Amino acid sequence: MTQLPKSSYLSLDLTVSITYVFHVEQRTDIQSLLSSTASSIGINMTADQVSKFMIYLKQLKEWNKTTNLTSIVKDEEIVIKHFIDSIAAIKAECFIDGSLIFDIGSGAGFPGIPIKILRPDIRFVLIEPSKKKSSFLRYIIGLLRLRGVDVFEGSLEQFVDSFTNHEQANYVIARGIKFEFIIGLSRTILTSNGKILLFLSTLVDRARLPSNTIVENEYSFDLPAGYGPRVLTSLSFSS
Ligand SMILES: C[S@@+](CC[C@H](N)C(=O)[O-])C[C@H]1O[C@@H](n2cnc3c(N)ncnc32)[C@H](O)[C@@H]1O
């Protein structure tokens, strides 16, 4: 075997060290963006939770190369627009321990999976008609070892039609889907005091709400780094 001169060993060592340091610093940057932004809205994450979010981010980007899961692909945007936006629900709503939540049109798992990472006691059904997105949801649930999360591969209409004998939910949550559609179909799948939590960018137009709905709470905040205003609106039914 050809012996490298001593100076080459040194430069190889340096290259390896620089690559290693760069890699570690990159990971640390995005991890600290997540944990510091979460703590700025009053949510403190454990190291295990941060590491689950990092696995989720990596898989989201990996699957997105071949499957159209999300148009948001940059690390910072995934952290702020998907993760932080989703977990803000924990500040907006005091979810009852052991609640059952239906996440309608969950897509790549938002907001259901980030909430589940922080609140393992909450049970979820993620409702998603796209076969590819549902496959991703099942994969990531398995990889993160999340217990008590089911995927319903179908539309909300199909879920409502097949609802007999299913436990009613304490909450229906939805982001990125027309709220009139969600409200119209949610009554029968919610408990009598169940709530709908909507992720909106403006205050809800009350004129567009059915007369049997009550606005329980509106939690307004600005996503960090200029990513825009959010209003988490919870509704209940009066009858
Ligand atoms: C704009 S995406 C939002 C995805 C995710 N909630 C988010 O915030 O990133 C809307 C999602 O709703 C799903 N969807 C469309 N029609 C639906 C229906 N009738 N019932 C349930 N989900 C539906 C789509 O497949 C898509 O994944």
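Everything numeric here is computed off the predicted structure, so don't read it as measured data.

Mapped onto the present numbering, the UniProt feature "binding site: S-adenosyl-L-methionine" (unreviewed entry) falls at Gly105, Phe110, Glu128, Pro129, Ser130, Leu156, Glu157 and Arg175. Of the residues annotated just before, the second largest pocket has Gly105, Phe110, Glu128 and Arg175 among its lining. For Pro129, the position within the fold is in the loop between strand 2 (123-127) and helix 5 (131-143). Here Pro129 is in contact with Glu153, Gly154 and Ser155, once residues within four sequence places are set aside. Relative to the helices and strands, Leu156 is located in helix 6 (residues 156-161). A residue is classified by how much of its surface remains accessible, and Leu156, at 3% relative accessible area, is buried.

The next point concerns the packing of aromatic side chains. Enumeration over the complete set of coordinates arrives at 13 aromatic pairs. Ring centres of Tyr56 and Phe83 lie 5.4 Å apart, and the angle between their planes is 25°; on these two criteria the pair is classed as stacked. Of the two residues, Tyr56 is situated in helix 2 (residues 47-64) and Phe83 in helix 3 (residues 75-92); the sequence distance between them amounts to 27 residues. Each of the two residues, Tyr56 as well as Phe83, counts as buried. A relative accessible area of 0% places Phe83 in the buried class.

Time to look at the site of the ligand. Around the ligand sit 15 residues in total, of which Gly105, Phe110, Glu128, Leu156 and Arg175 are the nearest. Separating a nitrogen atom of the ligand from a backbone N or O atom of Gly105 is a distance of 2.7 Å. Contact between the ligand and Lys133: an oxygen atom at 3.1 Å from a side-chain N or O atom of the residue. Here the ligand, which alone exposes 600 Å², has 72% of that area covered by the protein. Applying the majority rule of atoms within 2 Å of the grid points places the ligand in the second largest pocket. Tallied by class, the residues present in the shell around the ligand amount to 5 nonpolar, 6 polar and 4 charged.

Conventions used here
- Residues numbered from 1 in each chain as written.
- Predicted model: local features only at pLDDT ≥ 70, side-chain atom pairs only at ≥ 80, totals over all residues.
- Heavy atoms only, no water.
- UniProt positions renumbered as here; feature names shortened; annotations may be inferred.
- 1 Å grid on protein atoms, 1.4 Å probe; cavity = no way out; pocket = protein on both sides within 12 Å on 5 of 7 lines; lining within 4 Å.
- Helix = DSSP H or I, 4+ residues; strand = E, 2+ residues; numbered from the N terminus.
- Contact = heavy atoms within 4.5 Å.
- Buried < 20%, exposed > 50% of the residue type's maximum accessible area, 1.4 Å probe, protein only.
- Phe/Tyr/Trp six-rings, centres within 6.5 Å; stacked < 30°, edge-to-face > 60°.
- Near = heavy atom within 4 Å.
- Polar contact = N/O pair within 3.5 Å; in protein donor to acceptor, adjacent residues only side chain to side chain.
- Areas by Shrake-Rupley, 256 points an atom, 1.4 Å probe, with all protein chains shown as cover.
- Sits in = over half its atoms within 2 Å of the grid points.
- Nonpolar A, V, L, I, M, F, W, Y, C, P; charged D, E, K, R; others polar.

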